[in-house]
Amino acid sequence: GAVVSQHPSWVICKSGTSVKIECRSLDFQATTMFWYRQFPKQSLMLMATSNEGSKATYEQGVEKDKFLINHASLTLSTLTVTSAHPEDSSFYICSAGRFEWGTEAFFGQGTRLTVV
Amino acid sequence: GENVEQHPSTLSVQEGDSAVIKCTYSDSASNYFPWYKQELGKRPQLIIDIRSNVGEKKDQRIAVTLNKTAKHFSLHITETQPEDSAVYFCAASSGQAGTALIFGKGTTLSVSS
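Residues numbered from 1 in each chain as written. Chains lettered and ligands numbered in written order. Predicted model: local features only at pLDDT ≥ 70, side-chain atom pairs only at ≥ 80, totals over all residues. Heavy atoms only, no water.

A. Region of the structure containing unusual backbone geometry. Following His7 of chain A, the chain continues to Pro8 of chain A via a peptide bond in cis, the omega torsion being 0°. Looking at the secondary structure, you find Pro8 of chain A in the loop between β1 (4–7) and β2 (10–13). Residues His7 of chain B and Pro8 of chain B are joined by a peptide bond in cis, for which omega reads -5°. With a phi close to 55°, Gln60 of chain B is a non-glycine residue in the positive phi region. Position of Gln60 of chain B relative to the elements: it lies in the loop between β6 (56–59) and β7 (62–67). For Gln60 of chain B, a relative accessible area of 73% translates into the label exposed. The phi dihedral of Glu79 of chain B is positive, around 50°, even though this residue is not glycine. Locating Glu79 of chain B in the fold gives a position in the loop between β8 (72–77) and β9 (86–92). Under the relative-accessibility criterion, Glu79 of chain B is labelled exposed at 53%. (Helix = DSSP H or I, 4+ residues; strand = E, 2+ residues; numbered from the N terminus. Buried < 20%, exposed > 50% of the residue type's maximum accessible area, 1.4 Å probe, protein only.)

B. Here's a closer look at the sheet that holds β8 of chain B. All names here are of chain B. If you walk across this open sheet you meet the five strands as β1-β3-β8-β7-β6, and the pairing is antiparallel. The sheet is open, and its two borders are formed by β1 (4–7) and β6, each paired with just one other strand. Each strand axis lies, on average, 15° off the axis of its neighbour in the sheet, ignoring direction. In this sheet, β7 lies alongside β6 in antiparallel orientation, the contact comprising four bridges. (Pairing = 2+ DSSP bridges. Axes fitted to C-alpha atoms, helices over the stretch in contact; angles between N-to-C directions.)

As structure tokens, this is what we get:
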């Protein structure tokens, strides 16, 4: 399958600071990228969908000014958690795919964010 | 939007037994149903998937069945082994380009030897 790499794998930041997470498709051009959040022992909750050439579409309840998503190129998407608070501590996972694959997408390895 | 329900939330079996996890979905337009296995702190791994034009798919010890009329699909694992212990998630999607997977809440499978 296609390879998606996420960086960093884990990060600790102080409350009130911002942190950026990168998601890269290494061997294909991703026309669509998705960001999910997973709290401990819970499911993957879709945060936003980013399609080529358009702004990210956020799910209901996800603050777009707090979780900034940039689909900078066909191989890179970034998620910036602004003014992070302890309740933002979670596992963030991206997935990437291409239009012609339908919804088949490949996951990054995830980023464990801890806000202290 | 799509809503996926998954049962049971936890499942404990003896090594060698079979395990069945069931999911229901709400959107009749959904036509892609993957299953993922996730180990602690790692990314979900696709283990099998099925599309709406088939009713059953099998890959060695793993099989998935789909009933579109009833809007439910199931994962069957036979001859379970301790290394099958993990969290399993079902998901559903319309299959349209650019649409995301919607996940069930997960099932923690424990296989004891």
